[in-house]
Amino acid sequence: MTDQTAVTTAPEPASAPESEAVLPAPAVSPAPRNRRKVRAVLRWTAAVLVFAAAGTGTAFGIASQERTEVPGLSTLGDGRWDYPKLTKPVLPPGAPLPFVQENPGEIHYADLEQLLLPAPTGATADPTLRGERGRVPVERYLQEYAEDGREDLREHLTEGGLRHIAARGWSMPDGTSVRIFLLRFHTSALAGNYFRAQLGGAPDTMVRLVDVEEMASYDQGYGNDAKVASTERYVYDEATPRGPVHVRHADMTAGDIVALVVVSRKGEAPLVPFHQTVVLQNQLLG
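All values reported here derive from a predicted model rather than from experimental measurement.

What counts, and at which threshold
Residues numbered from 1 in each chain as written. Predicted model: local features only at pLDDT ≥ 70, side-chain atom pairs only at ≥ 80, totals over all residues. Heavy atoms only, no water. Phe/Tyr/Trp six-rings, centres within 6.5 Å; stacked < 30°, edge-to-face > 60°. Helix = DSSP H or I, 4+ residues; strand = E, 2+ residues; numbered from the N terminus. Buried < 20%, exposed > 50% of the residue type's maximum accessible area, 1.4 Å probe, protein only. Pairing = 2+ DSSP bridges. Expected span 1.5 Å × (residues − 1). Arc of directions from axis to C-beta. Contact = heavy atoms within 4.5 Å.

Enquirer: Before we go on, may I ask you to explain the packing of aromatic side chains in this structure?
Expert: Any pair of aromatic rings gets described here by the distance separating the centres and the angle formed by the planes. Summed over all chains, the structure comprises eight aromatic pairs. Ring centres 6.2 Å apart and planes at 75° place the aromatic pair Tyr83 and Trp170 in the edge-to-face group. With Tyr83 in the loop between α2 (32–60) and β1 (124–125) and Trp170 in strand β3 (residues 162–171), this pair connects stretches of sequence that are 87 residues apart. One exposure class covers both Tyr83 and Trp170, and it is buried. Clustering of aromatic rings is evident, with ring pairs tying together Phe195, Tyr218, Tyr234 and Tyr236.

This is how it looks when you write it as structure tokens:
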């Protein structure tokens, strides 16, 4: 399978100044002080290039990892889906990344649709999530929750600074259904408030999803090594006894965005593709 993570190109090192590139042989040996200056300049030039390369490697080192090395994913042949190679979202000119010092508000300036995980090979698009630029109304998002909890969510979203929602969904040949929703708020504080008040937390205090008969429980199989810096996520599995549809889901927050990932299927929803989908969507937001 192809790599599933963001790809970037390391910046080309700047060419050395002409005074450093060619040093004509002097007729007499330069004074020791001049030689020290030359060596200092060369050392600083090398250091700058090394740190620049190291920074690029830290930010996008995941791109060079084999799929079996990605945290939260298992080995090849375990039922994972074949996702296309992920690409970095395009930012407006001059806009910073969400989790850098120049962006204290942790705002995602990329188009919300570009932050949605693309569907894997063999998927059939969900026709109810084909809004323009991936946008869907609040009511479509609320359909993922049981009716008795929708009004509280609607009220919080109406008064809590929601800007818009983007979504993507698909079904797989084995009958597995996937829906992903990204909620963008005016500030990261408003997004965090919605996440903590309505979604993240103990299973017995969260809003029940539709088709969940009893209640969700923490997914103990989702490892801590899959955590993405600057994001927060809770991963759940429907508790037993279950009805005809098995539902797994994850809530996550990253700056000004709150995400919901739902994977469901009659009988049993597959575990590995669910974890894979959560990991990759989390990486796109982080």
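Let's pick the thread back up.
Enquirer: How do you make sense of the pairing of β3 when you look at a structure like this?
Expert: Side-chain direction in a regular strand flips from residue to residue, so the side chains alternate between the two faces of the sheet. Within β3, seven of the 10 residues are buried, which leaves it mostly tucked inside the rest of the structure. Here β1 runs beside β3; their pairing, made up of two bridges, is antiparallel. Counterpart to Ala125 in the pairing with β3 is Trp170. Inspection of the sheet shows strand β2 (residues 135–136) paired to β3 by two bridges, in the antiparallel sense. Across the sheet, residue Arg135 finds its bridge partner in β3, namely Ala166. Relative to strand β4 (residues 177–185), β3 is paired through nine bridges, and the arrangement is antiparallel. Bridging across to β4, Gly169 finds its partner in Arg179. Counting the residues that bridge the hairpin from β3 to β4 gives five residues, and of these Gly175 lies at a positive phi of roughly 95°.

Enquirer: Sorry, what's going on with helix α5 (residues 188–199) here?
Expert: A turn of α-helix holds 3.6 residues, and therefore any two residues three or four places apart point the same way. For α5, which comprises 12 residues, the first-to-last C-alpha distance of 15 Å matches the rise-based estimate of 16 Å (1.5 Å per residue) to within 8%. For α5, every residue scored as buried is listed here: Ala191, Gly192, Tyr194, Phe195, Gln198 and Leu199. Seen along its axis, α5 keeps its buried residues to an arc of 165°; they face one direction. Along α5, exposed side chains directed more than 90 degrees from the buried face belong to Ala189 and Arg196. Looking at the buried side of α5, the elements it contacts are α3 (138–142), α4 (147–159), β4, β6 (232–238), β7 (245–254) and β8 (257–266).

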